[in-house]
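Residues per chain are reported as follows:
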Protein chains: 2
Amino acid sequence: MAQNDTVTRILDTAEVLFAERGFAETSLRTITSKAKVNLAAVNYHFGSKKSLIQAVFARYLDPFTERFHGALDDLERRYQGQAIPLEELLETMARSVLEVPAERNSLKVFMRLLGLAYSQAQGHLRRYIQQDYGSVFTRFTELIRQATPELPDAERFWRLHFMLGTVIFTLSGLDALRDIAEKDYDEHVTVRDLVRRLRPVVVSAMQAPLPAPPTAREA
Amino acid sequence: MAQNDTVTRILDTAEVLFAERGFAETSLRTITSKAKVNLAAVNYHFGSKKSLIQAVFARYLDPFTERFHGALDDLERRYQGQAIPLEELLETMARSVLEVPAERNSLKVFMRLLGLAYSQAQGHLRRYIQQDYGSVFTRFTELIRQATPELPDAERFWRLHFMLGTVIFTLSGLDALRDIAEKDYDEHVTVRDLVRRLRPVVVSAMQAPLPAPPTAREA
DNA sequence: CCACGTTTGAAACAATTGTTTATAACCAGG
DNA sequence: CCTGGTTATAAACAATTGTTTCAAACGTGG
């Protein structure tokens, strides 16, 4: 199948280049020449560069959200209305993240793309992701809420984003960090190693004591 | 003084635009028109766009590193060779970060720039920062090492970067997150609020139990 | 085999980018 | 005052960008 082949080659090449250099820094000519397709093919098949970017994300996020929803279904069935422990929820999320790129490209690319979606301005991207994939995140946070009833809502909100930062920042900058780590501690880290290290850190962070109330002179 | 005025206006405008949209997405024409200076002024005073980017960083990092070094000097003098407690070190870093932009622009811009330095490819930037400001980071990590002797070196390395991600991600995305937080919990968060919330989270994260050793099937 | 919608191909387009050039304005020191 | 180096200005440059165009090739259903 000719079209599908062209479309796939564009997506495969684009996601790697985007992950390496960002969206604005990756030209369509770079993509199409590396993918060995005609320059006009991108606009023909995707309409625009913006749509290509969204298509790259969709190819990761569609299977991920489906799998994650399924995993949450299992979990809720297993716990029958009781609150699901925090560790279970985090574990489930980690597993869902780890599984998806196995059937696609590398996890590194996936994480790097997520990091870019947050850091690059690209307003259209954040809007697109929020609109199409926000529901699974809402569902997850609600379960987290039930798992951490002792936390005030605002505190939990911020801590979730603290941890989101930890994960995205680390995994999306993995290559650079891995180079340093290997040189200094000659240890070859895999993504799975990192997830293993992340687990106790995230759990402890979420269960940290509440902050002291603001002092008077901070007002 | 004419030159200084032009140079300052360029830097003031550039740092805001860079923080808002990233480096590649901000053209020299946008900067110079908003700053009301001639387009050629950037190349005349800075040489190139790359150098302008570095100059924007230097204007934040120079006073920061000086202040931070000074604060660490005080701390070491006060503790006379004994290990400085982890909380003190983190507190000192937080204070140094909070103080600097007070004499310059907003902390938000500073954090956003730091986030960009990591996320945008811009190889030259990371190299420049590492080369010119790496020493204070090295000094800080060594003190952290003495404060957390129970942590294996590699584990501490990764946890420090976990926390770096937490801080940079949260503070650099502050605007978007603040909007959500205000709408959902009608709470007006300041940067100082966030630092207060971050403190116990970071401490707990650094002191989390060590991860379980990798299981056999993960090899 | 032919006709028709789909896909590819090479070229051109218009807009934008960073940088350079040459000229003018400025502003001190003699 | 005017002269010499510094700064400002407008214009042009060359390169690169995303997108469009239109003709050629393709491939499938009649």
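Residues numbered from 1 in each chain as written. Chains lettered and ligands numbered in written order. Predicted model: local features only at pLDDT ≥ 70, side-chain atom pairs only at ≥ 80, totals over all residues. Heavy atoms only, no water.

Chemist: Explain the interface of chain B and chain A residue by residue, including any values.
Modeler: Facing 49 residues of chain B, the contacting portion of chain A comprises 49 residues. Each partner contributes to the roughly 4200 Å² buried at the junction of chain B and chain A, and carbon and sulfur atoms together form 71% of this total. By the criterion of area lost to chain A, the three top residues of chain B are Trp158, Phe162 and Phe169 of chain B, representing 18% of everything that side buries. Across the contact surface, chain B and chain A share two salt bridges. Linking chain B to chain A there are seven residue pairs in polar contact (both at pLDDT 80 or more). Within the residue set of the side of chain B that touches chain A, elements represented by two or more residues are helix 1 (2–21), helix 6 (107–119), helix 8 (153–172), helix 9 (174–185) and helix 10 (191–206) of chain B. The element contributing the most residues to the side of chain B that touches chain A is helix 8 of chain B, with 15 residues. Residues belonging to the side of chain B that touches chain A are distributed by class as follows: 30 nonpolar, seven polar and twelve charged. (Contact = heavy atoms within 4.5 Å. Buried area = accessible area lost by both parts, 1.4 Å probe. Salt bridge = Lys/Arg side-chain N within 4 Å of Asp/Glu carboxyl O. Polar contact = N/O pair within 3.5 Å; in protein donor to acceptor, adjacent residues only side chain to side chain. Helix = DSSP H or I, 4+ residues; strand = E, 2+ residues; numbered from the N terminus. Nonpolar A, V, L, I, M, F, W, Y, C, P; charged D, E, K, R; others polar.)

Chemist: Which residues make up the relation of the copies chain B and chain A, and what are the values?
Modeler: With an RMSD of 0.1 Å, the operation that places chain B on chain A is a rotation of 180° combined with a shift of 0.0 Å along the axis. Viewed as a symmetry operation, the transformation between the two copies matches a two-fold axis. Taken as a fraction of all interface residues of chain B, those also at the interface in chain A reach 100%, which identifies the copy contact as same-surface. (Least-squares fit on C-alpha atoms with pLDDT ≥ 70 in both.)

Chemist: So, the UniProt feature "domain: HTH tetR-type" (unreviewed entry) in chain A: which residues are in play, and what are the values?
Modeler: The feature "domain: HTH tetR-type" (unreviewed entry), as given by UniProt, occupies residues 4–64 of chain A in the numbering adopted here. Each end of residues 4–64 of chain A is marked by a C-alpha atom, and these two atoms are 22 Å apart; helix forms 80% of the span and strand 0%. (UniProt positions renumbered as here; feature names shortened; annotations may be inferred.)

Chemist: A description of the UniProt feature "DNA-binding region" (unreviewed entry) in chain A should follow, citing residues and the corresponding values.
Modeler: UniProt records the feature "DNA-binding region" (unreviewed entry) at residues 27–46 of chain A, using the numbering of this structure. The span residues 27–46 of chain A carries 75% helix and 0% strand; its end-to-end C-alpha distance comes to 15 Å.

Chemist: Lay out helix 4 (residues 49–79) of chain A in plain terms, naming residues and giving numbers.
Modeler: All names here are of chain A. A rise of 1.5 Å per residue sets the reference length of helix 4, with its 31 residues, at 45 Å; its end C-alpha atoms lie 44 Å apart and thus fit the reference within 8%. Along helix 4, the sharpest kink reaches roughly 30°, centred on Ala58. Once helix 4 ends, the next one or two residues include Gln80, with phi positive near 40°. (Expected span 1.5 Å × (residues − 1). Bend = angle between axes of the 7 residues up to and from the residue.)

Chemist: Provide a residue-level description of the domain arrangement of chain A, including the pertinent values.
Modeler: For interface size, the figure often reported is the accessible area lost on association. Residues and elements named next belong to chain A. Partitioning chain A into structural domains gives domain 1 (1–47) and domain 2 (60–207). Here domain 1 and domain 2 have C-alpha centroids that lie 28 Å from each other. Of the residues lining the interface, ten residues belong to domain 1; the matching set on domain 2 comes to ten residues. Taken together, the two surfaces of domain 1 and domain 2 that pack against each other cover about 770 Å², and 57% of this comes from carbon and sulfur. Seen at the junction of domain 1 and domain 2, the total is zero salt bridges. (Domains from an automatic or database assignment.)

Chemist: How would you explain the packing of helix 5 (residues 86–103) of chain B against helix 7 (residues 123–147) of chain B if you had to name every residue and give the values?
Modeler: Residues and elements named next belong to chain B. One way to put it is that helix 5 packs onto helix 7 with a least axis distance of 9 Å and a crossing angle of 155°. Of the possible angle classes, the one that applies to helix 5 and helix 7 is roughly antiparallel. Contacts between helix 5 and helix 7 involve Leu86, Leu89, Leu90 and Met93 on the former and, on the latter, Phe140, Leu143, Ile144 and Ala147. Classifying every residue of the contact of helix 5 with helix 7 by side-chain character gives eight nonpolar, no polar and no charged. (Axes fitted to C-alpha atoms, helices over the stretch in contact; angles between N-to-C directions. Parallel < 35°, antiparallel > 145°, perpendicular 65-115°, else oblique.)

Chemist: Go over unusual backbone geometry, please, and point to the residues and values.
Modeler: The residue Gln80 of chain A is not glycine, and still its phi comes out positive at about 40°. Along the chain, Gln80 of chain A turns up in the loop between helix 4 and helix 5 (86–103). Positive phi, close to 60°, is recorded for Lys36 of chain B, a residue that is not glycine. Among the structural elements, Lys36 of chain B can be located in the loop between helix 2 (28–35) and helix 3 (40–46). With relative accessibility at 70%, the residue Lys36 of chain B sits in the exposed group. (Buried < 20%, exposed > 50% of the residue type's maximum accessible area, 1.4 Å probe, protein only.)

Chemist: Break down the environment of Leu171 of chain A for me, citing the residues and quoting the values.
Modeler: Residue and element names in this part refer to chain A. Relative to the helices and strands, Leu171 is located in helix 8 (residues 153–172). Taking relative accessible area as the criterion, Leu171 reaches 5% and is therefore assigned buried. Considered as a pair, Leu171 and Leu151 are 20 residues apart in the sequence and their alpha carbons are 27 Å apart. When near neighbours in sequence (up to four residues on either side) are disregarded, Leu171 contacts Met111 and Leu194.

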